[in-house]
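Residue-level listing of the chains:
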Amino acid sequence: MNGIYMKYILLIVLLFPVHLLSAKFVKGIVKDSETGEELIGATIIVKEEPTRGVVSGLDGSFSIKLTAKSSTLICSYTGYKTVEYPVPETDTELTVLLEPLSHEISEVTVFGYLVNNTETGARSIEKLSSNVMNVVSAKAIEISPDITVANVIQRVSGVSVERNSSGDGQYAILRGMDKRYNYTLVNGVKIPSPDNKNRFVPLDIFPSELLDRLEVNKTLTADMEGDAIGGTVNLVMKDAPQNRQITAYLSTGYNALFLERDFYSFDTKALAKESPYEIYGENYQAKPRDFSTKLVRLETGKAPANMLGGFSYGDRLLKNRLGIMLAGSYQNSYRGSNSLFYGSSNATSDASNLPVLTDRNDRTYSECQIRYGLHAKLDYRFSPLHKIQWYNAYMDFTNAQVRDNSKIDLNIGYNPEQGEYNVSYDTRFRLNHQQIANSTLKGTHSFFANALTIGWSAVYSGAFNETPDNASVHTVTTVRNGKPNPVSVVTLGGADRRWEHNADKDKAGHVDLIYTALAGKIKMDFSAGGLYRDKQRSNFFNQYDFRPYDETKPEGTRNNLIEGTDWNDYSEIKFMVFTPFGSVGNPLNYEASEKISAAYGQAGTTIDNLQFIVGLRVENTNQGYYLKHATEGVKNNGKQLYTDYLPDLHIKYSPWTNNNIRASYYKSVNRPGFFEIVPYRIINEDYTETGNPDLKHTVAHNLDMRYEYFPRPSEQFMLGLFYKKLKDPIEYGMISQGQGTFYMPVNFGNATNYGLEADITKYFRTFGIKGNYTFTQSEITTTKLFNYNNPDLSSSEKVLVGNVNQTRPLNGQARHVANLSLLYKNIQRGWDAQLACSYTGDRMYAVSRYLDNDIWQSGYFQLDVSAEKTFKSGFALFAKATNLLNTPMVHYLKKDNPSNNRIKDYENYKGGTLVRRDYYGQNLQIGLRYRL
């Protein structure tokens, strides 16, 4: 028996090399026969062996084993003609060319259709654009770990994000320029902001699932609005596909933060949408019964699971003339953070100017975030030369937050074991609701064989923000020799209830004319157009303050309400209304308007591989405010009128195929925020904050250079330089006026901002790499306060306060920003995976009014992962995980005071003072997607 086995083994061993010798591995690449672009996901099958086949990889290449002496490959790809390709016996490196199918309708009218939501489409837009830009495709967004636009944009070179209290990105910082220096568009139309003071738009309100692509413009042309120094963010929403397409997804997940602690919540139905002032009028004196006690009943428990879903339907009807796209997205997620926060003061008794920590705060945030968006777009093509579009969008974001804070008073005698110190507790119940709506009617008409094109649009946009019945309760206890006394309600200010809401309504009209002329190899483009926008903003603020008072208690003890004796839950505390009329005289009650009139002219020429574009834009600004309630000593209305002339020049040179060298110059502006020019005054403990009606707008001169190389349709290598010179940048500082010193927005001379950007995207069959790095350096000089020793030794004041100029980076600018993503894509097996990391270096977080007391945000590293498995049935199973390392967000001061070592568990951070540390927890998501 063993001999028989040995014969079989010997036969296999002898035949195995023969089999290897008879087989042949053929490598090749699949390309578009017209453009030469590599095709990703083409199917290659051996005709003689139909079960043997492969799919072209991310770089269009394939490798297949042939066992027959002569073989024929069948290559097919959606939208292309199937071809048969005989394999020569001597050739093992093949180039397979596929011819695109033509799309014709019965009336012999051909409508072009360009797919821009793929990586290939994104690279094509970047390559052909007349200005410097970066594009993130819908496909890249879909397989990324990100679920909001704010998190998606952090993957773009030169972009970092400012995060909210739950760790998600909220505002974009472009090339080190603070969020105030950028603006946001939807389908090329500027949208208003729901913020009650400023004009920048929170990007976390937009679900990423609604996007067709994300465009970041880093230079401006004359046909773009000129109030962007850092750049613009354009959200291009889903468009009608060439063929019917239905997609849907449903997913669930959890935040790991709540595996270790409870989730705090409250009854949002107990909120009063309007304050007593709004309901009963300005002469009404509010009473305790006007305020629901159910609102401040703290509820604890385990956080529910996150739920996310979305759908889209797109089609072309009436012989491809009518395009329809309907899409919706819903996200209900539970987020939060655990935070350690130190309050600090520079009010030292000597001239060291070293910060002293005054209190320690242990905070927990619990947030229920409900985000949904609706998107509808219709387009009708009367002919290849005339079409109209009607776009409508609605974005809604609700955040119900409970912030629970424990504050220890770190006075000079503080000793956790033997001394006496106060511990106060503050719980805030807040619901914030933001909405953005947009309706745009747009037309494009071509005449004289496409020589003249006229485009127009009519736009209505609205942004709304409300924070109704924002309630806070304040309690306190005293700790003696390590033992706490009973907790009682703060006597002077036990609670407050606040109502805030604002509306921003825009009406705008655009018109553009483009004339194209050809003279041999020279192409000339002339364009002109105009814009008019009328923006109206209304802002409301009212706050009621409460003090504890129980009339059933004996005289002298009615305001001393003890936990466990007089109450066990916040809803059981009895209060009196200390400010029965509220605070409607607050300067946050204002109306603002802004009317922009603009016109531009632009000329461009293309000679062989050289393109020039030169333009001039003129913008007239009429900005004003009106305080609803007259304030003594304050100018209750004001207006600013000015006109800017904004030239630009763009040069693009293509010395070789798929190579661009760009050079650009443009002039741009940044207008003051709505509230910054209102002459409000807010008196704080050690300084007074005020507005500045004389605040000027910022003007900037911008230079850019970039080299671009696109080795394959979905690959890129970019290296760029930028320089910005800002005149009258707007920063906050301490300014002396008359007999006082105020913290206010001011124009501080000039500032510079310059840097370098590098981008790379490269694919190797089933693997790919995306990376970018940005270096940024900026300088601005502002006025600060500092302590110094009184030279008059006989004076009772040993330390005086003076002003000094200090040079520092612009607020929000990080010197180093980097992203790296490792990609895996196996089309044949239906797998997509991505490991993504992002790093933002140290940057200034908050500008202090004192010398060397600015708060810095430490470098932040985030690691995320996502994976998706697609099945032939159209279903796909996906998973996303973010913040895998649970990296804390740390704020610190660069200097330390030795006296801070008295604090128990105090940490010295980077040789300075730890100010804040936030942990957000990991976020996990798993879901199912369907595409028809």
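Calculation criteria
Residues numbered from 1 in each chain as written. Predicted model: local features only at pLDDT ≥ 70, side-chain atom pairs only at ≥ 80, totals over all residues. Heavy atoms only, no water. Helix = DSSP H or I, 4+ residues; strand = E, 2+ residues; numbered from the N terminus. Rg over C-alpha atoms; globule rule 2.2 N^0.38 Å. Buried < 20%, exposed > 50% of the residue type's maximum accessible area, 1.4 Å probe, protein only. Contact = heavy atoms within 4.5 Å. Areas by Shrake-Rupley, 256 points an atom, 1.4 Å probe, with all protein chains shown as cover. Lys, Arg positive; Asp, Glu negative; His and termini not counted. Charge placed at Lys NZ, Arg CZ, Asp CG, Glu CD. Pairing = 2+ DSSP bridges. Axes fitted to C-alpha atoms, helices over the stretch in contact; angles between N-to-C directions. Salt bridge = Lys/Arg side-chain N within 4 Å of Asp/Glu carboxyl O. Phe/Tyr/Trp six-rings, centres within 6.5 Å; stacked < 30°, edge-to-face > 60°. 1 Å grid on protein atoms, 1.4 Å probe; cavity = no way out; pocket = protein on both sides within 12 Å on 5 of 7 lines; lining within 4 Å. Points joined across faces, edges and corners; volume = space filled by probe spheres on them. Nonpolar A, V, L, I, M, F, W, Y, C, P; charged D, E, K, R; others polar.

Tallying secondary structure elements over the protein gives 5 helices and 51 strands in all. Its C-alpha radius of gyration of 32 Å places the protein within 12% of the 30 Å reference for a compact globule of 932 residues. Taken along the three principal axes of its C-alpha coordinates, the protein extends 105 × 85 × 60 Å. A total of 932 residues make up the protein; the buried ones form 54% of that total. Across the protein, the fraction of contacts at a sequence separation of at least 24, relative to all contacts at a separation of at least 6, is 71%. For the protein, the exposed surface amounts to about 41000 Å²; the carbon and sulfur share of it is 57%. Seen as two clouds, the 101 positive and the 99 negative side-chain charges of the protein have centres 4 Å apart.

Time to look at the environment of Val296. Position of Val296 relative to the elements: it lies in the loop between helix H5 (276-280) and strand S17 (299-301). Residues Val296 and Arg428, spaced 132 residues apart in sequence, show a C-alpha to C-alpha distance of 8.4 Å. The residues touching Val296, leaving out its near neighbours within four places in the chain, are Phe429, Ala471, Val473, Asp569, Tyr570 and Ser571.

Our next topic: the pairing of strand S3 (residues 49-55). Side chains on a regular strand alternate between the two faces of the sheet. Two strands pair when backbone bridges link them, and strand S2 (residues 43-46) and S3 are joined in this way by 4 bridges, in the antiparallel orientation. The partner of Ile44 across the bridge, within S3, is Val54. Between the end of S2 and the start of S3, which pair antiparallel, lie 2 residues.

In this section: the sheet that holds S2. Spatial strand order, S3-S2-S5-S6: 4 strands in an open sheet with antiparallel pairing. Only two strands of the sheet have a single neighbouring strand rather than two, namely S3 and strand S6 (83-86). On average, each strand axis in the sheet is tilted by 25° relative to the strand beside it, whichever way the strands run.

Moving on: the pattern of salt bridges. One pass over the full model with this rule turns up 53 salt bridges. The salt bridge involving Asp832 is made with Lys825; its shortest N-O contact spans 3.0 Å. Ionic contacts of the salt-bridge type, sharing partners, join the residues Lys190, Glu225, Asp227, Asp504, Asp506, Arg533, Lys535, Arg537, Arg617, Glu619 and Arg671 into one network.

A separate point is the pairing of S6. Pairing analysis gives 4 bridges linking strand S5 (residues 72-76) to S6, with the strands arranged antiparallel. Residue pairing across strands places Thr72 opposite Pro86, the latter belonging to S6. Hairpin geometry of S5 and S6 is characterised by an intervening segment of 6 residues between the two adjacent antiparallel strands and by a positive phi of about 90° at Gly79.

With mixed pairing, the 3 strands of this open sheet are ordered in space as S4-S1-S7. Either end of the sheet is taken by a strand with one partner, and the two such strands are strand S4 (61-66) and strand S7 (93-98). For this sheet the average axis-to-axis angle between neighbouring strands, irrespective of direction, equals 30°. Relative to S7, strand S1 (residues 24-32) runs parallel, the two being bridged by 6 bridges. Across the sheet, the residue bridging to Lys27 is Glu93, located in S7.

Before going further, it helps to examine the packing of aromatic side chains. The full count for this structure, using the stated rule, is 22 aromatic pairs. Centroid distance Tyr171 to Phe200: 5.1 Å. Interplanar angle 80°. Geometry classified as edge-to-face. One end of the pair, Tyr171, is in strand S10 (residues 169-174); the other, Phe200, is in the loop between strand S12 (189-190) and strand S13 (211-217), and 29 residues separate them in sequence. On the basis of relative accessible area, Tyr171 is assigned to the buried category, the value being 9%. The buried category is assigned to Phe200, whose relative accessible area is 11%. Each ring, one from Trp499 and one from Tyr544, has its centre 6.0 Å from the other, and the planes form 90°; the classification is edge-to-face. One end of the pair, Trp499, is in strand S26 (residues 495-519); the other, Tyr544, is in strand S27 (residues 522-548), and 45 residues separate them in sequence. The rings of Phe291, Trp499, Tyr544, Phe546 and Phe575 are connected pair by pair, giving a single aromatic cluster.

Take empty space enclosed by the protein next. All chains considered together, the criterion is met by 10 cavities of 30 Å³ or more. Within this model, the largest cavity holds a volume of roughly 300 Å³. Lining the largest cavity are 25 residues, and of these Ile147, Asp168, Arg335, Thr882 and Asn923 sit closest to its centre. Mapped by element, the contributors of at least two residues to the lining of the largest cavity are strand S18 (306-317), strand S19 (322-345), strand S46 (860-870), strand S47 (875-882) and strand S51 (923-931). Residue composition of the lining of the largest cavity, grouped by class: 7 nonpolar, 13 polar and 5 charged. If you add up the space inside the second largest cavity, you get close to 200 Å³. Lining the second largest cavity we find 20 residues, and of these Tyr183, Lys190, Ile191, Arg199 and Asp227 sit closest to its centre. Taken together, the elements giving at least two residues each to the lining of the second largest cavity come down to strand S11 (182-186), S27 and strand S29 (590-607). For the lining of the second largest cavity, the leading source of residues is S11, giving 3 residues.

That is the geometry; function is a separate question.
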